[in-house]
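# Chain and residue survey
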Amino acid sequence: MQIGNTLARIAPCLGGPDRRYFADRLEDFGDRIAVIAGSGESLSYRELAASADAFAATVSGRRKLLIVEALDQLPPLIAYLGALRCRHPVILLEDGATS
């Protein structure tokens with residue numbers, strides 16, 4: 001898996017990375033642990049960036065409002081960061097708010 005230039009691959013949705021935003025600088029922190037989920041699963045910043053880019057690729061194109069349920073799990077965090085990397089506005093809702 002190529003990680004070093006993942007932002008360049010989704011550049012059409014970003015218009016290019018903006019170094020002012022934390023979500024665009026995840027790779028800068030390399031293999032340090034970025035997050036440990038409630039399940040005990042952990043991801044490095046590099047892995048988190050790759051996962052966020054994979055999510056961003058699924059929502060690229062025109063900007064759209066995304067709703068993410070904020071759970072103590074990795075998928076909502078990945079979706080949130082992926083949306084930010086693609087400049088989509090995000091509404092975070094509490095667990096169960098969309099059911």
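Residues numbered from 1 in each chain as written. Predicted model: local features only at pLDDT ≥ 70, side-chain atom pairs only at ≥ 80, totals over all residues. Heavy atoms only, no water.

### Regarding the nonpolar core
- Judged by nonpolar contacts, Ala-23, Leu-26, Val-35, Ala-37, Leu-43, Tyr-45, Leu-48, Ala-49, Ala-52, Leu-74, Ile-78 and Leu-81 together constitute the single largest core of twelve residues.
- Broken down by secondary-structure element, the contributors of at least two residues to this core are helix 3 (45–58) and helix 4 (74–85).
- It is helix 3 that contributes the most residues to this core, four residues altogether.
- Leave out the neighbours within four places in its chain, and Tyr-45 touches Phe-22, Leu-26, Phe-29, Gly-30, Arg-32, Ile-33 and Ala-34. (Core = buried A, V, L, I, M, F, W, Y, C linked by side-chain atoms within 4.5 Å. Buried < 20%, exposed > 50% of the residue type's maximum accessible area, 1.4 Å probe, protein only. Helix = DSSP H or I, 4+ residues; strand = E, 2+ residues; numbered from the N terminus. Contact = heavy atoms within 4.5 Å.)

### Observations concerning the pairing of strand 4 (residues 90–94)
- With five bridges joining them, strand 3 (residues 66–70) and strand 4 adopt parallel strand pairing. Its bridge partner being in strand 4, Leu-66 is matched across the sheet by Val-90.
- Each parallel crossover has a hand, and the one from strand 3 via helix 4 to strand 4 is right-handed. (Pairing = 2+ DSSP bridges. Right-handed = clockwise from strand over helix to strand, strands pointing away.)

### A few points about the environment of Asp-72
- Note on placement: Asp-72 falls in the loop between strand 3 and helix 4.
- Each C-alpha atom of the pair Asp-72 and Ile-36 lies 9.4 Å from the other, and the pair is 36 residues apart in sequence.
- Aside from chain neighbours lying at most four places away, what touches Asp-72 is Ala-37 and Gly-38.
- Within polar-contact distance, the side chain of Asp-72 engages the backbone nitrogen of Gly-38 at 3.4 Å. (Polar contact = N/O pair within 3.5 Å; in protein donor to acceptor, adjacent residues only side chain to side chain.)

### Points about the pattern of salt bridges
- Per the stated rule, a full pass over the model turns up four salt bridges.
- Here Glu-27 and Arg-85 are joined by a salt bridge, their closest N and O atoms 2.6 Å apart. Of this pair, Glu-27 sits in the loop between helix 2 (11–14) and strand 1 (33–36) while Arg-85 sits in helix 4, and the two are 58 residues apart along the sequence. Comparing Glu-27 with Arg-85, the two get one shared label, buried.
- Note that Asp-53 and Arg-85 form a salt bridge whose closest N and O atoms lie 2.7 Å from each other. Of the two residues, Asp-53 is situated in helix 3 and Arg-85 in helix 4; the sequence distance between them amounts to 32 residues.
- Judged by its relative accessible area of 0%, Arg-85 falls in the buried class.
- Where salt bridges share partners, they join Glu-27, Asp-53 and Arg-85 into one cluster. (Salt bridge = Lys/Arg side-chain N within 4 Å of Asp/Glu carboxyl O.)

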